[in-house]
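# What the coordinates show
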Amino acid sequence: MTSPSTSETPTEDQNRPEPAFGWTAYAEQINGRFAMIGFVSLLILEFFTRQDFFTWLGLR
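This report concerns the structure included in the present document.

Rules used in this analysis
Residues numbered from 1 in each chain as written. Predicted model: local features only at pLDDT ≥ 70, side-chain atom pairs only at ≥ 80, totals over all residues. Heavy atoms only, no water. Helix = DSSP H or I, 4+ residues; strand = E, 2+ residues; numbered from the N terminus. Buried < 20%, exposed > 50% of the residue type's maximum accessible area, 1.4 Å probe, protein only. Areas by Shrake-Rupley, 256 points an atom, 1.4 Å probe, with all protein chains shown as cover. Patch = residues over 30% accessible without salt bridge, like charges linked within 9 Å, V, L, I, M, F, W, Y side chains within 5 Å. Salt bridge = Lys/Arg side-chain N within 4 Å of Asp/Glu carboxyl O. Phe/Tyr/Trp six-rings, centres within 6.5 Å; stacked < 30°, edge-to-face > 60°.

Attention shifts here to the overall build of the protein. Tallying secondary structure elements over the protein gives three helices and zero strands in all. Beginning at the N terminus, the succession of helices and strands in the protein can be written as α-α-α. The buried share among the 60 residues of the protein stands at 0%. Only carbon and sulfur atoms are counted for the fraction: they give 63% of the accessible area of the protein, which is about 5900 Å².

With that out of the way, let us pick up the environment of Leu 45. Of note, Leu 45 is situated in helix H2 (residues 25-49). Overall, Leu 45 belongs to the partly exposed group, its relative accessible area being 30%. Spatially, the C-alpha atom of Leu 45 lies 9.7 Å from that of Trp 56, the residues being 11 residues apart in sequence.

A cluster of nonpolar side chains, Phe 39, Val 40, Leu 43, Ile 44, Phe 47 and Phe 48, forms an exposed patch at the surface whose accessible area comes to about 650 Å². Here Ile 44 lies in helix H2. According to the relative accessible area criterion, Ile 44 is partly exposed, its value standing at 44%.

Counting across every chain of the model gives two aromatic pairs. When the centroid spacing of 6.0 Å and the interplanar angle of 65° are considered together, the rings of Phe 53 and Phe 54 count as edge-to-face. Judged by its relative accessible area of 42%, Phe 54 is partly exposed.

So this is what it looks like as structure tokens:
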């Protein structure tokens, strides 16, 4: 059994997307993560306060 050479196995740096400006896959990935964090935070806020988001904004 032979071990694969270093040129055949991808390293962590090769799999990591490069930060860049504009509509890139990296930007979309970060945006999606922040959206998930915001959505879960809103659910937790509504659960503990027993008020919905519109009440917090003063629209009700």
